[in-house]
Amino acid sequence: MTCTWTEPEMVAELERAVGERPAWAVQVNYRLSRRQDAVAAIRTLLGRGGVAVDDFVGHVWTVQEVETDSVVRGGRFGEPPVRT
């Protein structure tokens, strides 16, 4: 399952979260079985600020949400929502 955001919607949400259009971005691709490695990389990248998005949940993630494994809209950062 992937997020249904369009690119313009994602950029607009990033601008709202950050207060301006981000000057740079990084894309991290990984296997779901390596999620903890990806989370560690994201925590390092966001250590000085910034936000993250993923392909699973239409949400702009803060480092605090990633570190605490917060659940938003049924999913965690880098993990698809659980279907019930």
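Residues numbered from 1 in each chain as written. Predicted model: local features only at pLDDT ≥ 70, side-chain atom pairs only at ≥ 80, totals over all residues. Heavy atoms only, no water.

**Remarks on the nonpolar core**
V39, I42, L46, A52, V57, W61, V63, V66, V72 and F77 together form the largest nonpolar core, which totals 10 residues. Of all the secondary-structure elements, those providing two or more residues to this core are α2 (35-45) and α3 (63-67). Those residues in contact with F77 that lie beyond four places of it in its chain are R35, V39, I42, A52, V53, D54, W61, V66 and S70. (Core = buried A, V, L, I, M, F, W, Y, C linked by side-chain atoms within 4.5 Å. Buried < 20%, exposed > 50% of the residue type's maximum accessible area, 1.4 Å probe, protein only. Helix = DSSP H or I, 4+ residues; strand = E, 2+ residues; numbered from the N terminus. Contact = heavy atoms within 4.5 Å.)

**Description of the side chain of R35**
Here R35 is to be found in helix α2. The exposure class of R35 is buried, given its relative accessible area of 6%. Residue contacts for R35: discarding those within four places in its chain leaves Y30, D69, R76, F77, G78 and E79.

**A word on helix α1 (residues 7-18)**
The end-to-end C-alpha separation of α1 is 16 Å, in line with the 16 Å expected for 12 residues at 1.5 Å each. Just past α1, the residue G19 takes up positive phi, approximately 95°. (Expected span 1.5 Å × (residues − 1).)

**Examining a nonpolar patch on the surface**
The grouping of W24, V26, V28 and L45 at the surface amounts to a nonpolar patch, some 390 Å² of accessible area in total. Residue position: V28 is located in the loop between α1 and α2. Exposure remark for V28: the relative accessible area of 33% places this residue in the partly exposed category. (Patch = residues over 30% accessible without salt bridge, like charges linked within 9 Å, V, L, I, M, F, W, Y side chains within 5 Å. Areas by Shrake-Rupley, 256 points an atom, 1.4 Å probe, with all protein chains shown as cover. Salt bridge = Lys/Arg side-chain N within 4 Å of Asp/Glu carboxyl O.)

**Quick notes on the pattern of salt bridges**
Between side chains of opposite charge, pairing is possible as soon as their charged atoms come close. Summed over the entire model, instances satisfying the criterion amount to 8 salt bridges. Measuring nitrogen to oxygen at the nearest pair gives 4.0 Å for the salt bridge that ties R43 to E67. Of the two residues, R43 is situated in helix α2 and E67 in helix α3; the sequence distance between them amounts to 24 residues. You can call R43 partly exposed: its relative accessible area is 41%. Salt bridges linked by common partners bring R35, D69, R76 and E79 together as one network.

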